Amino acid sequence: MNVKMVKVLRASAAELFTGYRFLVAAKAAVAVVAAWLLGQLLPGELDEYAYYAPLGALLGVTPTVVDSIRTSIEMVAGIALGVLIGWLLIATGMPWFLRAPIGAGLGVWVAGVRVLGAGRVYVAIAAVFVVILGVDDPESYALGYIAQFGLGLVIGTLANVVLMPPLRFSSARARIASLQTDFANHIDEIANVLDERWPPKGTNWLHYARDLRSTVDSAEQLVNEARKSRRGNPRALWTHDDTTTEYEVLDTVRNIAVQMSEIAQVLNGAIWNEPIPAPIPHDIIKPLRDALSDLSDFVRDLQDDEAAPETRERCLQSCDRVIAYSIEGPDAGSGIGTIIFAVRTIRAIVADGE
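Note that the coordinates shown come from a computational prediction; the quantities given were computed from them, not determined experimentally.

J.: Please explain the environment of Ser68 as it appears in this structure.
T.: Considering the arrangement of structural elements, one finds Ser68 in helix 4 (residues 65-92). Accessibility expressed as a relative area gives 0% for Ser68, which makes it buried. Along the sequence, Ser68 and Leu158 sit 90 residues apart, while their C-alpha atoms lie 8.9 Å from each other. Ignoring anything within four residues of it in the chain, the contact list for Ser68 reads Gly60, Val61, Thr62, Thr157 and Asn160.

Given below as structure tokens:
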């Protein structure tokens, strides 16, 4: 099992075994039971369709309050459209083996309306259910379907509000801290390559930047979810978390990663002549190694208000020594130009955080 797969499995397990996931599971369980019990109390023939209430409750429990409300509205709209399609098809008097495929086709066609959101998939489902299961009494079936499913969605949404979903800032910050550490270790790995006898033993550092993009995107998604978790959440009334710093860290890591990928490709050309030969002078090795070592410290300390100013200044000075080579040193081939440009860009990124 390669290192990437191990990291993916570890991250997945870390997300699964959290208090947040257990709370969502508990809310779903409570909402399903409550929906089943209350669904049987509805008047008239509506209680005959109580089995739809738990399904609605399950779908109504989402990670955030605002998602619960939006999802419930979209699903009710989708089901109502599907029921309408089913009613119209039953009214034509055509046999079931024509109603069912036509209902499914019309439902899928109408689901192309993106404004229906999460309710899009339920248009065809509701239409098929009505034309097959509700043919004997379409009015009662349709009313029971909508009422019970709607009841379940309401209960799921209430469960989200009463059992307040946690604000997801802690998990987002933990993911970003892990990202900082991994990225800093990667920069150290490239710095160590400059110290090793060439060719180096490992090549994981060559492909890390490509994998980092998806990691940064995943972390950014968590930050987005954390920000969204405040909307409509009572916890937000007494918790004042801000995601500005997290977005700044992600942007910094993403931008530096692009330049580190360029440096890695130059080293690939210098060591193995791939994809093309890219010679670099020997006397740039030590300044570049020192600059990368200081850069890794800067990345680790991005959110450390006490250490960040010192590591930033040290990183800027070491970048200046590499950049000075382009002024004082001879042109040693195509590789050095790319390295100097990458380091100049990194310096600008680091200085931008002052």
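J.: I keep staring at the packing of helix 5 (residues 96-110) against helix 6 (residues 120-133) and nothing clicks. Help me out?
T.: Angle between the axes and distance between the axes: these two values describe a pair of packed helices. Between helix 5 and helix 6, whose axes approach to 7 Å, the crossing angle comes to 160°. Here helix 5 is positioned roughly antiparallel relative to helix 6, judged by the angle of their axes. When the axes of helix 5 and helix 6 are compared, the crossing they make is right-handed. Residues Arg99, Ala100, Gly103, Ala104, Gly107, Val108 and Val110 of helix 5 form the contact with helix 6, whose participating residues are Val123, Ala124, Ala127, Val128, Val131 and Ile132. When grouped by side-chain class, the residues that make up the contact of helix 5 with helix 6 number 10 nonpolar, 2 polar and 1 charged.

J.: When you look at the pattern of salt bridges in this model, what are you seeing that I'm missing?
T.: Any two side chains of opposite charge can pair, on the condition that their charged atoms come close. Throughout the structure, instances matching the rule amount to 14 salt bridges. One salt bridge connects Arg70 with Glu74, and the closest N-O pair in it is separated by 3.9 Å. In this pair, Arg70 and Glu74 are both assigned in helix 4, 4 residues apart and thus about one turn of the helix distant. Among the residues examined, Arg70 registers a relative accessible area of 37% and is labelled partly exposed. In this structure Glu74 comes out as buried when scored by relative accessible area, which is 15%.

J.: What should I look at first to understand the packing of aromatic side chains in this one?
T.: Geometrically, a pair of aromatic rings is defined through the distance of the ring centres and the angle of the planes. The full count for this structure, using the stated rule, is 12 aromatic pairs. Considering the side-chain rings of Tyr49 and Tyr141, the 5.5 Å spacing of their centres and the 85° angle between planes classify their relative orientation as edge-to-face. You can see Tyr49 sitting in the loop between helix 2 (19-39) and helix 3 (52-60) and its partner Tyr141 sitting in helix 7 (residues 138-162), a full 92 residues away along the chain. Accessibility classification places Tyr49 together with Tyr141 in one group, the buried group. Where Tyr141 meets Tyr145, the ring centres are 6.0 Å apart and the plane angle is 50°; that geometry is what we call tilted.

About the cut-offs
By convention here, each chain's residues receive numbers from 1 onward along its written sequence. Restriction of local features to residues with pLDDT of at least 70 applies here, the model being predicted, together with a cutoff of 80 or more for giving and counting side-chain atom pairs; totals for whole chains, interfaces and linings are based on all residues. Based on all heavy atoms of the structure, the side-chain values leave hydrogens and waters out of the count. Numbering of helices and strands runs from the N terminus, with a helix taken as a DSSP run of H or I at least four residues long and a strand as a DSSP run of E at least two residues long. Partly exposed residues are those whose accessible area sits between 20% and 50% of the maximum for their type, while under 20% is buried and over 50% is exposed, using a 1.4 Å probe and protein chains only. Contacts are assigned to residue pairs with any non-hydrogen atoms lying within 4.5 Å of each other. Lines fitted to C-alpha atoms define the axes, with helix axes restricted to the stretch in contact, and inter-axis angles between N-to-C directions lie between 0 and 180 degrees. Reported orientations rely on four angle classes, namely roughly parallel under 35 degrees, roughly antiparallel over 145, roughly perpendicular from 65 to 115, and oblique for the rest. Take the far helix as the reference: if the near one is turned anticlockwise from it by less than a right angle, the crossing is left-handed, and if turned clockwise, right-handed. Polar here means any residue other than Ala, Val, Leu, Ile, Met, Phe, Trp, Tyr, Cys and Pro, which are nonpolar, and Asp, Glu, Lys and Arg, which are charged; Gly is therefore polar. Should a side-chain nitrogen of Lys or Arg be within 4 Å of a carboxyl oxygen of Asp or Glu, the pair is scored as a salt bridge. Any Phe, Tyr or Trp ring, taking Trp's six-membered ring, that has another such ring centre within 6.5 Å forms a pair; planes under 30 degrees apart are called stacked, those over 60 apart edge-to-face, and the others tilted.

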